[in-house]
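# Working through the structure, step by step
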Amino acid sequence: MFKMTPNIMRNLVVRKSTRRYPAEVREPFAKVRGELVNDIERCIFCGTCEIKCPSQCLAVDKKSCVWVYDPMACVYCGVCVDSCPAKCLYQKTQYRAPVCERLTIRMQGQPRKKGKEKEKTQEAPAAGAGGPEVDEPGGS
Ligand code: SF4
Ligand code: SF4
């Protein structure tokens, strides 16, 4: 007991090394790899993320434009984000909130218009219909 007394006295005055979690939550680091998000409007359903994912927690249905993600199997490595050619995947700097039941994220996208179809869509607003905006890299 006498041996411990100096330690106890010192611990009463020095700065604490731990936090009172969850009352006190630490700010995430700038480059933390948190919740994975897909900006489905920009996804081209190429399937690259599915092929590259080491945990096989992604599934892409190219025909029906469906992107499925299992966050419980994800290891948040960021490989899919780095390999996505459309740059529609990103990771938030916050971790996904805990859940009580297993969940799967399923996102439905729209088939990409190509060539002449896209040109027709761009001409369409002249007829008065306010269609969805088409992402044009460097377009005007
Ligand atoms: S790699 Fe990107 S663009 Fe391709 S299917 Fe995955 S999320 Fe969509
Ligand atoms: S972050 Fe890694 S484990 Fe998670 S979906 Fe992307 S590639 Fe798969």
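For the rest of this paragraph, the subject is the overall build of the protein chain. Across its full length, the protein chain carries four helices and five strands. Listed N to C, the secondary structure of the protein chain is α-β-α-β-β-α-β-β-α in terms of helices and strands. If you take every contact in the protein chain between residues at least 6 apart in sequence, the share linking residues at least 24 apart comes to 66%.

Turning next to the pairing of strand 3 (residues 66-69). Across the two faces of strand 3 the burial differs, with Trp67 and Tyr69 buried and Val66 and Val68 not buried at all. Linking strand 2 (residues 58-61) back to strand 3 in an antiparallel pair, the connection comprises four residues, with cysteine 65 at a positive phi of about 55 degrees. Direction of pairing for strand 3 relative to strand 5 (residues 105-108): antiparallel, over a ladder of four bridges. The residue of strand 5 that forms the bridge with tryptophan 67 is methionine 107.

Close to ligand 2 lie 13 residues; Cys53, Cys74, Cys77, Val79 and Cys80 are nearest. Residues of the shell around ligand 2, tallied by class, amount to eleven nonpolar, two polar and no charged.

Around ligand 1 sit 14 residues in total, of which Cys43, Cys46, Cys49, Cys84 and Ala86 are the nearest. Each residue belonging to the shell around ligand 1 can be placed in one class, and the counts come to eleven nonpolar, three polar and no charged.

Here we take up the confidence of the model for the protein chain. Residues of the protein chain with pLDDT of at least 70 account for 80%, and the chain-wide mean is 84. This stretch, residues 124-140, has a pLDDT under 50; its non-local contacts, to residues over four places away or in other chains, come to nine contacts.

If you walk across this open sheet you meet the three strands as 2-3-5, and the pairing is antiparallel. With one partner strand each, in any of the chains shown, strand 2 and strand 5 form the two edges of the open sheet. Pairwise comparison of adjacent strand axes, ignoring direction, gives a mean angle of 10 degrees for this sheet.

Let us now look at the nonpolar core. Core analysis: the largest hydrophobic core is formed by 13 residues, its most contacted members being Cys49 and Leu58. Leave out the neighbours within four places in its chain, and cysteine 49 touches Leu58, Val60, Cys80, Ser83, Cys84 and Leu89.

Conventions we followed
Residues numbered from 1 in each chain as written. Chains lettered and ligands numbered in written order. Predicted model: local features only at pLDDT ≥ 70, side-chain atom pairs only at ≥ 80, totals over all residues. Helix = DSSP H or I, 4+ residues; strand = E, 2+ residues; numbered from the N terminus. Contact = placed C-beta atoms within 7 Å. Buried ≥ 20, exposed ≤ 12 C-beta atoms within 10 Å, placed from the backbone. Pairing = 2+ DSSP bridges. Near = placed C-beta within 6 Å. Nonpolar A, V, L, I, M, F, W, Y, C, P; charged D, E, K, R; others polar. pLDDT = per-residue confidence, 0-100. Axes fitted to C-alpha atoms, helices over the stretch in contact; angles between N-to-C directions. Core = buried A, V, L, I, M, F, W, Y, C linked by C-beta atoms within 7 Å.

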